[in-house]
Amino acid sequence: MDSKYNFIADEESLSLGAKLGAYFGEERLIKASNKGTYKRALKDLGGAGDIPLSAEGEALRAEIAGEKVLLKKDISDCECGCAAKTVCRHIIAAAAAVNTLADSQTQPEEEKPEEKEVRAEAPDTEYLSELKETARNILAKGLVNCSQADAETLDRLALKGGARYAAAANVCRSCGEEIRLMNARHAGFSPARAAGLVCRLFNTAEALEGGKEDVLKKSGFSREGSGEFVCAGAFPWKTESGYAGVTAVLYEIDLKEFFTYASVMPSFYESTANAGSLRNLLRLMNSRSHWQNDVSISSLVGRRFTLMNYKADERRRLSSTKRTSCVIKERMTEGDLPEELCIIPERAEYDYFSRAADERFFTVRSPQFTGAVFDKAMQGLHYGAAGENALLSDLWLKYEETNEKAIRFIEMNSGERPKDGLLLMRIFGGRIYPISMISGETVTDIFF
Amino acid sequence: MEKVITEIENLVCDLCFSGLDCAGSDLIKRLERAAALCRELNMTVGEKLCRDTADGLSAGGGRDCAKTLCALACYAESMRNTE
């Protein structure tokens, strides 16, 4: 960045600025605000002129565009004299300016990767003890004595956890949701699940306190490349922790690996409370907003396409970065999914803190659904799936809005003679789910 | 093993639901029985966690044994999924 500003500061303030600046990387500033605010802040910074800096304990006072900003290590704790109640452009501008001090004083040769900066951050002991104390209180008095106030405390902790403690925040939201279900005497309340969640909350806080942050943190998009894919199906999902979305299952032809691409909406905000309805999920599926050339997930299903400059994380989840471009080609055929995908994958090693890591896909050749019976008491469908390479019994699909069409599809096709083609199956959280039927050039999403 | 894991899961559920402060002697006895079952099956970690939770509850420190109860929940879940 061309510096069109000068710092007016003593040595102490400059060295504090260099220390704090390491926490204000571009990615983090965008996360704390948004891309628009960040760009606007950089524009402001361009004509900022002199920026006075003064150290105030562990915080740094800066003056930018006439506003006094107090910078702290945690960007969400920074203060500004302007009317904005959240992280404003003055804070972002001051933080971006101070970041250049870190660049020039502590990293003269190469930029320090963002991931390392996060690792250097000490655990937020105050937040983590609050989490543990909340879980301990619930365990001491019992779920049966929990009220709306406890659910609200958990919601507040989820918000406070934010992106840094996303795993803990998700558990907080799920616990709060269970308490609400219990108080509403909702049939969906499960004491066993609620108990597991409260214990998980305590264990997560304990692990984070013990420095397991790296394990619980979402992995970065470390894999990059370009390749030829087919989209073998898509399915909707909704979590208790307040997210809903649509995931496309993509198969990389050269690498012979499955990837996933998800379009996600949080449903815990009042304005997006209906995000998990099938109607909204269908809208998400058809939304033309992905990658550089604004493709939709529905336009990918059943197609061959090339992805250029894609990024994926260790769990082979593709990023939605606009740097990736997608060229959709002809229809895929069942021959694009090789024979070896018919082998049912072995179970992955169980990890208490990363249950979602065990996501695998396989295909069933000449499939047929068997023994579909809807259990009215348990509100779900018992069924089986059989084919040339697999005989899967005791499969279960819980009744909920997102599964309604799949349940109807399985019921209608149960007991029919084997179909030509492939059935794409997903293993997730120890259960097996069907995704799509692929026959010749036709891909039928079972859930849509 | 299946039986003892199910019993530990039920115990965790009952303790969390009714609260550690109100855990009665029946739950403590069930924990002791689960510890004995674990011992028979050579599940040393399970035995220790069940016994520590029972001892904590007997000593009247409901809040203090939250940590062992959570560890027991983690143990039961891991055993269930690696069985």
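Definitions and limits used
- Sequence positions are assigned chain by chain, starting from 1 and proceeding in written order.
- Lettering of chains starts at A and numbering of ligands starts at 1, both following the order in which they are written.
- Residue-level local features of this predicted model are given only where pLDDT is at least 70; pairs of side-chain atoms are given and counted only at 80 or more, and the full residue set underlies all totals for whole chains, interfaces and linings.
- The basis for every side-chain value is the complete set of non-hydrogen atoms in the structure, without hydrogens or water.
- Under the scheme used here, helices are H or I runs from DSSP no shorter than 4 residues and strands are E runs no shorter than 2 residues, and both carry numbers assigned from the N terminus.
- Relative accessibility under 20% of the residue-type maximum defines a buried residue, over 50% an exposed one, and the middle range a partly exposed one, all with a 1.4 Å probe and only protein chains included.
- Here a residue-residue contact requires only that any non-hydrogen atoms of the pair lie within 4.5 Å.
- What gets called buried area is simply the loss in accessible area from a 1.4 Å probe that two parts show on being joined, summed for both.
- Salt bridge criterion: a side-chain nitrogen from Lys or Arg within 4 Å of a carboxyl oxygen from Asp or Glu.
- Charged residues are taken to be Asp, Glu, Lys and Arg, nonpolar residues to be Ala, Val, Leu, Ile, Met, Phe, Trp, Tyr, Cys and Pro, and polar residues to be all remaining types, Gly included.
- Take the residue count of a helix, subtract one, and multiply by 1.5 Å to get its expected span.
- Throughout, the arc means the angular range of directions from the helix axis out to the C-beta atoms.
- At least two DSSP bridges between two strands are required for those strands to pair.
- The term nonpolar core refers to a set of buried residues drawn from Ala, Val, Leu, Ile, Met, Phe, Trp, Tyr and Cys, joined through side-chain atoms within 4.5 Å.
- Simply put, an axis is a line fit to the C-alpha atoms, just over the touching stretch for a helix, and the angle between two N-to-C directions goes from 0 to 180 degrees.
- Criterion for a disulfide: a pair of cysteine sulfur atoms at a distance within 2.5 Å.
- Aromatic contacts are taken between Phe, Tyr and Trp rings whose centres are within 6.5 Å, Trp giving its six-membered ring; a plane angle under 30 degrees counts as stacked, one over 60 as edge-to-face, and the others as tilted.

Engineer: Sorry, what's going on with the overall build of chain A here?
Structural biologist: Within chain A one finds 13 helices and 17 strands. Buried residues in chain A amount to 46% of all 448 residues. Contacts in chain A between residues at least 24 apart in sequence constitute 63% of all its contacts with a sequence separation of at least 6.

Engineer: Teacher, can you tell me more about the interface of chain A and chain B here?
Structural biologist: Often, the extent of an interface is quoted as the loss of accessible area upon association of its parts. With 23 residues of chain A at the contact, the number on the chain B side is 23 residues. Sorting the residues of chain A by area buried against chain B places A:L139, A:A140 and A:Y350 first, and these three jointly supply 30% of that buried surface. Measuring nitrogen to oxygen at the nearest pair gives 2.8 Å for the salt bridge that ties A:E206 to B:K67. Mapped onto the side of chain A that touches chain B, the elements with two or more residues apiece are α6 (125-141) and α9 (191-209) of chain A. Among the elements that take part in the side of chain A that touches chain B, α9(A) stands out by supplying 8 residues, more than any other. Tallied by class, the residues present in the side of chain A that touches chain B amount to 13 nonpolar, 3 polar and 7 charged.

Engineer: Help me out: how do you make sense of the side chain of A:E178 in this one?
Structural biologist: By secondary structure assignment, the location of A:E178 is in helix α8 (residues 166-183). Ignoring any residue separated from it by four or fewer positions in sequence, one finds A:E178 in contact with A:F189, A:S190, A:R193, A:A194, A:L197 and A:E240.

Engineer: I keep staring at helix α3 (residues 35-46) of chain A and nothing clicks. Help me out?
Structural biologist: Given 3.6 residues to a turn, an α-helix orients residues that are three or four positions apart in the same direction. All names here are of chain A. For α3, built from 12 residues, the straight-helix expectation of 16 Å at 1.5 Å per residue is met to within 8% by its first-to-last C-alpha distance of 17 Å. Listing the buried residues of α3 in full gives T37, Y38, A41 and L45. Each buried residue of α3 sits inside an arc of 100° when the element is viewed along its axis, so together they form one side. Those residues of α3 that are exposed and angled more than 90 degrees off the buried face are K35, K39 and K43.

Engineer: Help me understand unusual backbone geometry in this model?
Structural biologist: Residues apart from glycine generally show negative phi values, whereas peptide bonds are mostly found in trans. Backbone geometry places A:R185, a non-glycine residue, at a positive phi of 55°. With relative accessibility at 75%, the residue A:R185 sits in the exposed group. You will see that B:N42, though not glycine, has its phi angle at about 65°, which is positive. With respect to the secondary-structure elements, B:N42 resides in the loop between α2 (25-40) and α3 (44-58).

Engineer: What exactly am I supposed to notice about the pairing of strand β17 (residues 442-445) of chain A here?
Structural biologist: Within a regular strand, the side chains alternate between the two sheet faces. Residues and elements named next belong to chain A. Only one face of β17 is buried, namely the one carrying V443 and D445, since none of T442 and T444 on the opposite face is buried. Sheet topology places strand β16 (residues 431-439) next to β17; 4 bridges connect them, and they run antiparallel. Bridge assignment links I438 to a residue of β17, and that residue is V443. The turn linking β16 back onto β17 is made up of 2 residues, and G440 within it adopts a positive phi angle of 60°.

Engineer: Would you mind showing me how to read the nonpolar core here?
Structural biologist: It is characteristic of soluble globular proteins that their nonpolar side chains tend to be buried jointly. A:L131, A:L139 and B:I8 are the most contacted members of the largest nonpolar core, which totals 61 residues. Contributions of two or more residues to this core are made by α6, α7 (148-161), α8 and α9 of chain A together with α1 (2-18), α2, α3 and α4 (66-82) of chain B. Counting residues per element, this core draws most heavily on α9(A), at 9 residues. Ignoring sequence-local partners within four residues, the contact set of A:L139 consists of A:V198, A:C199, B:L15, B:C16, B:G19, B:L20, B:A66, B:L69 and B:C70. Core analysis: the next-biggest nonpolar cluster, separate from the first, contains 60 residues, A:C231, A:F259, A:L307 and A:I432 among them.

Engineer: Sorry, what's going on with the side chain of A:T363 here?
Structural biologist: All names here are of chain A. Examined against the element boundaries, T363 turns out to sit in strand β11 (residues 360-365). A residue is classified by how much of its surface remains accessible, and T363, at 1% relative accessible area, is buried. Among all residues touching T363, those that are not within four sequence positions of it are L337, L341, C342, N389, L422, L423 and L424.

Engineer: Looking at this model, I keep getting lost on the sheet that holds β17(A). Mind explaining?
Structural biologist: Backbone-to-backbone hydrogen bonds join strands into a sheet, with any given pair of strands oriented parallel or antiparallel. Residues and elements named next belong to chain A. With antiparallel pairing, the 4 strands of this open sheet are ordered in space as β11-β15-β16-β17. Single-partner strands in this sheet number two, and they are β11 and β17. Direction aside, neighbouring strands of the sheet carry axes that sit 30° apart on average. With 6 bridges connecting them, β11 and strand β15 (residues 422-428) associate as antiparallel partners. Pairing of R360 across the sheet is with I427, part of β15.

Engineer: Please clarify how the sheet that holds strand β7 (residues 243-252) of chain A should be interpreted in this entry.
Structural biologist: Residue and element names in this part refer to chain A. Spatial strand order, β8-β7-β6-β9-β10: 5 strands in an open sheet with antiparallel pairing. Two strands in the sheet have a free side with no partner beyond their single neighbour: β8 (257-266) and β10 (325-331). Here the strands of the sheet are splayed against their neighbours by 40° on average, with no regard to which way each runs. Pairing analysis gives 5 bridges linking strand β9 (residues 303-312) to β10, with the strands arranged antiparallel. Of the residues in β10, the one forming a bridge with T306 is V327. Contacting β6 (223-238), β7 and β8, helix α11 (residues 278-286) crosses the sheet at an angle of about 40° to β7.

Engineer: How should the state of the cysteines be read in this particular structure?
Structural biologist: Structurally, a disulfide amounts to a covalent bond that connects the sulfur atoms of two cysteines. Tallied over the full model, the rule gives 0 disulfides over all chains. Free of any disulfide, A:C82 has its nearest cysteine sulfur in A:C80, 3.6 Å distant. When its relative accessible area of 16% is taken as the criterion, A:C82 is described as buried. Residue B:C50 stays outside any disulfide, its sulfur separated by 4.6 Å from that of B:C38, the closest cysteine.

Engineer: I would appreciate a short explanation of the packing of aromatic side chains in the present structure.
Structural biologist: We describe a pair of aromatic rings using the distance from one ring centre to the other and the angle between the two ring planes. Residue and element names in this part refer to chain A. Tallying each qualifying case throughout the model produces 13 aromatic pairs over all chains. Ring geometry for F258 and F361: centres 5.2 Å apart, planes at 45°, overall tilted. With F258 in strand β8 and F361 in strand β11, this residue pair connects regions lying 103 residues apart in the sequence. Comparing F258 with F361 shows no difference in burial state: the two are buried. Seen from their ring centres, F369 and Y383 are 6.1 Å apart, and the 65° between their planes marks the pair as edge-to-face.

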